[in-house]
Amino acid sequence: MVVNPVIKLLHLLSPKRCVACGKFGSYFCIDCLKKIKPFFHQRCIVCSRVSHGGATHNACRRRRSLDGLFCLFKYQGIVRNGIIKLKYSKLTDIEEELADLISANLQLQGEYETLGELEDFILTKQPVVTPIPLHWWKQTKRGFNQAEIIGNIVADSYDLPILPMVLKRKFRLKSQTKLKIKQRAKNAKGVYFVNENYLEKGKIDPMLNNILLVDDVTTTGSTLKEAAKVLKQMGAKYVWGIAFAT
């Protein structure tokens with residue numbers, strides 16, 4: 001693999017340091033990696049009760065609800081630091097290490113048979129991976145969408161197609177981080193619409209009947225639930241979500 005000389009120079013001037021302990025060499029050092037555990041306690045996105053693989057309980061499902069949400073890690077410690085660094089320090093070269101982290105998680109979850117219905121959905125429906133979009137102004141300022149970076153890793157892990165522009169954002173949201181549960185849902189309402197390039201006679205293209213939405217961090221799931229509702233309103237049949245952390 002040919003390394004861009006500019007990137008190589010930047011690495012020499014500012015070498016990688018662990019996002020948790022500051023040790024030089026990588027963004028996730030071996031000692032800190034040992035402290036990261038997969039998130040095994042998946043819950044139904046509607047009632048918050050335990051759910052195998054994060055599937056929405058049959059009694060909780062509605063016509064336009066998210067069919068399930070699977071979270072990879074708890075949003076704390078080195079995972080939280082990694083996301084913050086990716087978002088605000090623009091460490092886009094962290095992608096390779098994130099890929100290793102996600103792949104190891106999915107492999108372990110598979111061995112423990114905790115992927116549940118998500119794995120069935122992926123294997124039988126072969127969904128299109130679609131990252132939750134940023135507002136164009138924020139993406140232009142940041143230079144990338146962290147959900148798209150994670151989406152690419154998930155798509156590669158399962159050999160799935162990825163379409164990063166299926167959804168668009170109508171307007172900028174207030175930051176969800178300081179809002180309460182009801183405020184988060186209100187803040188996310190009506191913010192997404194389906195890109196007209198993926199519509200056919202007013203309905204979503206049939207190739208998008210099955211969709212795997214990807215987000216970096218989810219707390220209440222308001223963003224993913226709103227995106228799923230919009231996709232199903234336009235004709236999508238099954239919509240699952242996967243988040244790097246919760």
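You'll find the structure just up there.
As the structure is a computational prediction, the values presented were derived from the model and not from experiment.

Conventions used here
Residues numbered from 1 in each chain as written. Predicted model: local features only at pLDDT ≥ 70, side-chain atom pairs only at ≥ 80, totals over all residues. Heavy atoms only, no water. Helix = DSSP H or I, 4+ residues; strand = E, 2+ residues; numbered from the N terminus. Buried < 20%, exposed > 50% of the residue type's maximum accessible area, 1.4 Å probe, protein only. Areas by Shrake-Rupley, 256 points an atom, 1.4 Å probe, with all protein chains shown as cover. Expected span 1.5 Å × (residues − 1). Arc of directions from axis to C-beta. Polar contact = N/O pair within 3.5 Å; in protein donor to acceptor, adjacent residues only side chain to side chain. Salt bridge = Lys/Arg side-chain N within 4 Å of Asp/Glu carboxyl O. Lys, Arg positive; Asp, Glu negative; His and termini not counted. Contact = heavy atoms within 4.5 Å.

Draft legend 1. Representation of the overall build of the chain within the structure. Each helix and strand counted, the chain has 9 helices and 8 strands in total. Expressed as a percentage of the 246 residues in the chain, the buried residues total 48%. Element-wise, carbon and sulfur atoms account for 53% of the exposed surface of the chain, whose accessible area totals about 13,600 Å².

Draft legend 2. Broad picture of helix α3 (residues 77-88). Compared with the 16 Å implied by 1.5 Å per residue over 12 residues, the 16 Å span of α3 between its first and last C-alpha is a close match. Listed in full, the buried residues belonging to α3 are I78, V79, G82, I83, L86 and K87. Viewed along the axis of α3, the buried residues span an arc of 170°, placing them on a single side of the element. Positive phi shows up at K90, right after α3, with a value of about 55°.

Draft legend 3. Quick peek at the environment of R62. Inspection of the secondary structure assignment puts R62 in the loop between α2 (30-33) and β1 (68-73). Each C-alpha atom, one on R62 and one on V46, is 9.9 Å from the other, the two residues being 16 residues apart in sequence. Within the local environment of R62, its side chain forms a polar contact with the backbone oxygen of A59, the two atoms lying 3.2 Å apart.

Draft legend 4. Spatial organisation of the pattern of salt bridges. According to the stated counting rule, one finds 7 salt bridges in the structure shown. Between E226 and K229 there is a salt bridge, and its shortest N-O distance comes to 3.5 Å. Placement of the pair is E226 and K229 together in helix α9 (residues 222-233), with a separation of 3 residues, close to one helical turn. Residue classification places E226 among the buried positions, given a relative accessible area of 9%. For K229, a relative accessible area of 26% translates into the label partly exposed. Because the salt bridges share partners, they merge into one network encompassing R61, D67, E117 and K232.

Draft legend 5. Fine view of the side chain of D205. You can see D205 is positioned in the loop between β6 (203-204) and β7 (210-217). For the buried D205, no salt bridge exists, and the shortest N-O distance to an oppositely charged side chain is 12 Å, to K201. Polar contacts involving the side chain of D205 include one to the main-chain amide nitrogen of M207, which spans 2.9 Å. Look past the residues within four positions of D205 in its chain and what remains in contact with it is Y198, L199 and E200.

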